[in-house]
Amino acid sequence: SSSSSSSSSSGKEEEKKDGNEKVQKAVTNISEVIHSVVSGMKPKLQDQCDAVLEKNKAKIGQQPITATSIAICKAAASLKDVECFTHIRSLIKDDGKETSFKMPKPMVQLIRGGAYGCNLEFAEVLVYPTSGKSFQAQLKLCARLHNELGNIIAAKFGEAFRAGCPSGGYSPPLADLSEALKLVSEAATAAGLDSWNEVGLAVNGGTWEGTGYVMKQKDKAKGLDEAIQFYVGLAKDNPGLKTLINPLNPAVDHAAGEGWSKLTATLSEDEDLKANTYTLISESAGKEQIKTLSKVAANVSLKVENSVTLTEATNLVVDMMESKLDVTVSGGEDTNDTFVADFAVGVGARFAKFGGLLGSQNVDKYNRLLQIEASLS
């Protein structure tokens, strides 16, 4: 027993030492390496600053470069004495005309799949508003459904499941997407939203095995036609479901556009569904994919942290806009920094997808959007 305790204590000490070393390494990288690179830069010249950072990527590392690029953007906004979202707009459109801003719609995570005890083969189930004049009113609609879902999950599976996961959604012990959507439907009824006139649902991605699709644990991989019929059936059984994020493998089925085009055509031609409008969103897009995507999707989701620099991210947004694609800005659950909220407003995103409404790392971003809306009114 004492041997076990000693071993545990020793392990914790090693873990603490390792953590301290990583922190010290990061501090040294900032104070010595990054400082030497950014010294003398003019923050208002974002593209020039980012070009220098790109040249030093091997020395600095990709993640620190992204953080540095964002810090330069914040510094420029401060020097100009403007809000960060206003400065970001000038990076993509600086024609001297008076700028107007439109708030994005919140896209809130309800259920997180594939982790934390939830065995869905889908990444997440989300809710977004289809009515509500203000961002505040729209967020309240999503919060009503989110809160009722927490009550239902706690009653069915135990209070521990109300706590949710780091991305702010719930992770009930389910393996079937239809069961998850049934829970959401019950929550919508409890929240008085089951007419689906005020909110809509989105399902994010399945699991891909080569060119096949796994829709349920332990099922065999389905081919493209089977996968499309799965989504058609899902839409028929769930009238609130109007948006599909990465429904088919982007690397395989929208590279040529055939799979995504076939899915869109099937949804629009089905007798029971053709009165509805379905939105396809891609979460995987580089500059070379934008033209293809404009033919098969309506929207592209962009994570700022996936771009090496802010210039790369804003250039991608410009390419999307020129191709008539809407933008969804997504934010990770690993930081309380709210820059992505300003970015979403600055680039005119249609949706802001910042996780669920649990955990300050998610809620802070939605709160920042509320602050921005108040400042614009």
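Residues numbered from 1 in each chain as written. Predicted model: local features only at pLDDT ≥ 70, side-chain atom pairs only at ≥ 80, totals over all residues. Heavy atoms only, no water.

Trainee: Could you give me a rundown of the overall build of the chain, with the residues and numbers involved?
Mentor: Scanning the chain for helices and strands turns up 14 helices and 11 strands. Of all 377 residues assigned to the chain, the portion counted as buried reaches 46%. Relative to all contacts within the chain whose residues are 6 or more apart in sequence, the contacts with residues 24 or more apart total 68%. Of the accessible surface of the chain, which amounts to about 18300 Å², a share of 48% is contributed by carbon and sulfur atoms. (Helix = DSSP H or I, 4+ residues; strand = E, 2+ residues; numbered from the N terminus. Buried < 20%, exposed > 50% of the residue type's maximum accessible area, 1.4 Å probe, protein only. Contact = heavy atoms within 4.5 Å. Areas by Shrake-Rupley, 256 points an atom, 1.4 Å probe, with all protein chains shown as cover.)

Trainee: Could you give me a rundown of the environment of Thr309, with the residues and numbers involved?
Mentor: You can see Thr309 is positioned in the loop between strand S9 (299–303) and helix H12 (310–322). Placed 260 residues apart in sequence, Thr309 and Cys49 show a C-alpha to C-alpha distance of 9.5 Å. With near-sequence residues (within four places) excluded, Thr309 lies in contact with Asp50, Glu54, Ile65 and Ser69.

Trainee: Tell me what's going on with the pairing of S9, and back it up with residues and numbers.
Mentor: Of all 5 residues making up S9, 4 are buried, and the element is well covered by its neighbours. Where strand S8 (residues 279–282) lies against S9, 2 bridges are found, and the strand directions are parallel. From the neighbouring strand, Ser282 faces S9, where its bridge partner is Val300. The pairing of S9 with strand S10 (residues 326–330) spans 5 bridges and is classified as parallel. If you follow Lys303 over to S10, its bridge partner there is Ser330. (Pairing = 2+ DSSP bridges.)

Trainee: Requested: an account of the environment of Phe122, with residues and values cited.
Mentor: Tracing the backbone shows Phe122 in the loop between strand S2 (108–112) and strand S3 (124–129). Taking the C-alpha atoms as reference points, Phe122 and Asn204, separated by 82 residues in sequence, lie 6.2 Å from one another.

Trainee: Which residues make up the packing of helix H6 (residues 135–157) against helix H14 (residues 360–376), and what values go with them?
Mentor: Running from N to C, H6 and H14 point in directions that differ by 155 degrees, and their axes come no closer than 9 Å. Viewed along their axes, H6 and H14 adopt a mutual orientation that is roughly antiparallel. Two secondary-structure elements touch here, H6 through Phe135, Gln136 and Leu139 and H14 through Tyr366, Leu369, Leu370 and Glu373. Across the contact of H6 with H14, the residue classes break down as 5 nonpolar, 1 polar and 1 charged. (Axes fitted to C-alpha atoms, helices over the stretch in contact; angles between N-to-C directions. Parallel < 35°, antiparallel > 145°, perpendicular 65-115°, else oblique. Nonpolar A, V, L, I, M, F, W, Y, C, P; charged D, E, K, R; others polar.)

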